[in-house]
Amino acid sequence: MEYPKFPKDCKSLLCKYLTEDVFNKLKERVTPNGYTLEMAINSGVKNPDSSIGIYAGDKESYEVFDLLFDPIIEEYHGFKKNDTHKSDFSSDKLDFDLLDKDGEFILSTRIRVGRNLLGYPLGTIISKKERDEVEERVKNALLKLGGSLKGEYYPLKGMSKEVQQKLIKDHFLFKEGDRFLEAAGLNREWPDGRGIFHNDEKTFLVWVNEEDELRIISMQKGGNIKEVFERLANAVEALESKMEFLKSEHLGYITSCPTNLGTAMRASVHIKLPKLSTNKALFKEITDRNHLQIRGTHGEHSKSEEGIFDISNARRLGISEVEAVSDLYNGVKELIEVETKL
Ligand code: ADP
Ligand code: IOM
């Protein structure tokens, strides 16, 4: 493979850190599962509008291609090579008031974590047989959950287009045909092995074999961040007693995209801020200072519609789950205070 040519206006972290020198040092390296530099960077090479542009194939990718992953991880999470990651999922540590008591601004709250099973490569290079096995194991574990987490598993294969589209539109299901995931190898044999589990109320959901093997999700209408976090913490604990997830001392939970390492947690609100959102500089200053990112109404790489923004924590590694969700709480509190004064 030749050193890729990126367009001049490319802003991804891959473009920034894949110098010719780094490329030459890494181009012959292969992980024990057969993952190469070419595979790792394909998404960012094919999609120069990526925000990051690189994916891992297995836990070892983060060591084998460290010359490239390390600076990207440091810039994204502020986490250095010798830093350590500590988890803390205790909901009793959250001293949160209910934000937006009158329901004026926050439409809904969602918190998800990514997980991958120990003993398998990541979705970028997993074989069809292994992916089907992951689906079976995850499905069986999920079907054993009881109480408010009890639900059903719905495989994507055989799901009617109407049901699928409605689930996507209502923000419950991952979209289909994402070009970033496609180029990363994450859409191979679609829709086989993919599916969604959810309880009746659709407040607890698990995506199976999308960007990560599991995306464990807690969501509900309104702005009760603590309640959403508590449900997720309970669900993760229940699932961890049934299966073992891929993690490392240094990087926490291992995920296919380096932005999700560590807690693998993205805690978000869908919020309307009609005044503040017209003052882009102030909006960005507040979100940046609180380590938050702004996404569109339909998630990553989508635009805001009807004035709805998806605001979530950007850092996920080197901080605990409690700190990640506190980034969201503190930032949203300030956003609402500023909006109310404008
Ligand atoms: P992920 O959160 O798993 O990284 P996306 O950014 O693609 O992936 O978001 C997945 C889906 O979750 C999208 O449909 C998005 O609109 C929805 N979503 C995210 N945050 C919220 C929220 N607070 N309320 C409702 N839906 C949300
Ligand atoms: N998480 C992943 N989908 N994303 C960061 C892709 C990108 O834009 O690089």
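Here we come to the overall build of the protein. A count of helices and strands for the protein gives 11 helices and 10 strands. Taking 20 Å as the expected radius of gyration for a compact globule of 342 residues, we find that the protein reaches 20 Å, a close match to that expectation. Across its three principal axes, the protein shows a C-alpha extent of roughly 60 × 45 × 40 Å. For the protein, with 342 residues in total, the buried portion stands at 56%. Considering only contacts in the protein between residues 6 or more positions apart, those separated by 24 or more positions represent 72%.

Following the sequence through the fold, K202 ends up in the loop between β3 (195–199) and β4 (204–208). Residue classification places K202 among the partly exposed positions, given a relative accessible area of 25%. As a C-alpha pair, K202 and F172 span 30 residues in sequence and 7.7 Å in three-dimensional space. Setting aside its immediate chain neighbours within four residues, K202 contacts L167, F172 and M219.

Here the focus is unusual backbone geometry. A cis amide bond links W190 to the next residue, P191, at an omega of 5 degrees. On the secondary structure map, P191 appears in the loop between α8 (179–183) and β3. Positive phi is not limited to glycine here, since H301 has a value of about 60 degrees. Of note, H301 is situated in the loop between β9 (292–295) and β10 (308–313). A relative accessible area of 41% places H301 in the partly exposed class.

Taken together, S50, S51, I52, G53, Y55, E211, C257, T259, E300 and H301 form the complete shell of residues around ligand 2. The side chain of Y55 places a nitrogen or oxygen atom 3.2 Å from a nitrogen atom of ligand 2. One of the side-chain nitrogen or oxygen atoms of H301 is found 2.9 Å away from an oxygen atom of ligand 2. Taking 280 Å² as the accessible area of ligand 2 by itself, protein coverage stands at 95%.

So, about the domain arrangement of the protein. A common way to report how large an interface is uses the accessible area buried once the components associate. Domain parsing of the protein yields domain 1 (13–77) and domain 2 (91–341). Its C-alpha centre places domain 1 at a distance of 24 Å from the equivalent point of domain 2. At the interface, 23 residues of domain 1 touch 29 residues of domain 2. When the two sides are added together, the surface that domain 1 and domain 2 hide from each other amounts to roughly 2100 Å², 61% of it contributed by carbon and sulfur. At the boundary of domain 1 and domain 2, one finds one salt bridge. Ionic pairing is found between R179 and D49, a salt bridge with its closest N-O pair at 2.6 Å.

Strand order in this open sheet of eight strands is β2-β3-β4-β5-β1-β8-β10-β9, and the pairing throughout is antiparallel. Of all strands in the sheet, those bounded by a partner on one side alone are β2 (151–155) and β9. Within this sheet the neighbouring strands show an average axis-to-axis angle of 20 degrees, counted without direction. Here β4 runs beside strand β5 (residues 214–221); their pairing, made up of five bridges, is antiparallel. Bridge pairing links V206 to I216 in β5. Most of the contacts of helix α11 (residues 321–341) go to strand β8 (residues 265–272), to which it runs at about 15 degrees, and overall it touches β1 (106–115), β8, β9 and β10.

Conventions used here
- Residues numbered from 1 in each chain as written.
- Chains lettered and ligands numbered in written order.
- Predicted model: local features only at pLDDT ≥ 70, side-chain atom pairs only at ≥ 80, totals over all residues.
- Heavy atoms only, no water.
- Helix = DSSP H or I, 4+ residues; strand = E, 2+ residues; numbered from the N terminus.
- Rg over C-alpha atoms; globule rule 2.2 N^0.38 Å.
- Buried < 20%, exposed > 50% of the residue type's maximum accessible area, 1.4 Å probe, protein only.
- Contact = heavy atoms within 4.5 Å.
- Near = heavy atom within 4 Å.
- Polar contact = N/O pair within 3.5 Å; in protein donor to acceptor, adjacent residues only side chain to side chain.
- Areas by Shrake-Rupley, 256 points an atom, 1.4 Å probe, with all protein chains shown as cover.
- Domains from an automatic or database assignment.
- Buried area = accessible area lost by both parts, 1.4 Å probe.
- Salt bridge = Lys/Arg side-chain N within 4 Å of Asp/Glu carboxyl O.
- Pairing = 2+ DSSP bridges.
- Axes fitted to C-alpha atoms, helices over the stretch in contact; angles between N-to-C directions.

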